[in-house]
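Remarks on the overall topology
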Amino acid sequence: MHDFLDLLGIKAPVLVAGLSGGILRALSRHRYKLREMVASPVCGALAAAYLTLPVVSYFKATGLPIPNPSDDTTTLAAAFLIGVSAMWISDIVFEMVVRRFKPRQSE
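The shown structure was predicted, so the numbers you read here are calculated from the model rather than taken from an experiment. (Residues numbered from 1 in each chain as written. Predicted model: local features only at pLDDT ≥ 70, side-chain atom pairs only at ≥ 80, totals over all residues. Heavy atoms only, no water.)

Turning to the overall build of the chain, a few remarks are in order. The secondary structure content of the chain amounts to four helices and zero strands. Secondary structure elements of the chain, listed N to C terminal, follow the sequence α-α-α-α. Counting the 107 residues in the chain, one finds 33% classified as buried. For the chain, the exposed surface amounts to about 7,600 Å²; the carbon and sulfur share of it is 68%. (Helix = DSSP H or I, 4+ residues; strand = E, 2+ residues; numbered from the N terminus. Buried < 20%, exposed > 50% of the residue type's maximum accessible area, 1.4 Å probe, protein only. Areas by Shrake-Rupley, 256 points an atom, 1.4 Å probe, with all protein chains shown as cover.)

Next up, the structure:
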C-alpha cells in the first residue's frame, strides 16, 4: 500500500492526518447523513494529501511564523487542519449540489 501511495505522490502519514481531520469533522455534525460520513473523510484525506506540502512550502517561503518548519509534526498538524477545513468546504458544496438537483415540490 505504501508503494502505491508513493506512486501517487502521497505521503501516508499526511493522508492519515487528513483522514483523521475528516473523521473528526464528520463525527462533530449533529445530523448524520451517509454521504457525509463517507465523502467528508475522503475529501479531507485527499485535500490533505495534495495540499499540505504546498501550503507548508508557501508558509516557509513567505516567512510566516510556523513552529519549526523542518519538523514533521508541523506538516502533520497542517494536514490535520487542512482535512478539517476541507470538510467545511465539502459540506457547503454538497449542500449546494443537493439544493440544485433536488426536485422542487409544487404547492
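Right, let's talk about the packing of aromatic side chains for a bit. Counted by the stated rule, this structure contains one aromatic pair. Taking 6.3 Å as the distance between ring centres and 50 degrees as the angle between the ring planes, the aromatic pair formed by Tyr58 and Phe59 counts as tilted. (Phe/Tyr/Trp six-rings, centres within 6.5 Å; stacked < 30°, edge-to-face > 60°.)

Moving on, we get to the side chain of Thr75. Take Thr75: it is sitting in helix 4 (residues 72-101). Leaving out residues up to four positions away in the same chain, Thr75 has contacts with Val14, Thr52, Leu53 and Val56. (Contact = heavy atoms within 4.5 Å.)

This paragraph deals with the side chain of Thr52. Along the chain, the position of Thr52 falls in helix 3 (residues 34-62). A polar contact is formed between the side chain of Thr52 and the backbone oxygen of Ala48, at a distance of 2.6 Å. Apart from the residues lying within four places of it in its own chain, the contact partners of Thr52 are Val14, Ala47, Thr75, Ala78, Ala79 and Ile82. (Polar contact = N/O pair within 3.5 Å; in protein donor to acceptor, adjacent residues only side chain to side chain.)

Across its 30 residues, helix 4 extends 42 Å between first and last C-alpha, which sits within 8% of the 44 Å expected from 1.5 Å per residue. Within helix 4, the full set of buried residues consists of Thr74, Thr75, Ala78, Ala79, Ile82, Gly83, Val84, Ala86, Met87, Ser90, Asp91 and Glu95. (Expected span 1.5 Å × (residues − 1).)

This brings us to the environment of Ala48. Mapped onto the fold, Ala48 is located in helix 3. Accessibility expressed as a relative area gives 0% for Ala48, which makes it buried. Along the backbone, Ala48 and Ala86 are 38 residues apart, and their C-alpha atoms lie at a distance of 8.2 Å. The contact partners of Ala48, leaving out residues within four places of it in the chain, are Val14, Gly18, Ala79, Ile82 and Gly83.

None of this, on its own, says anything about what the molecule does.
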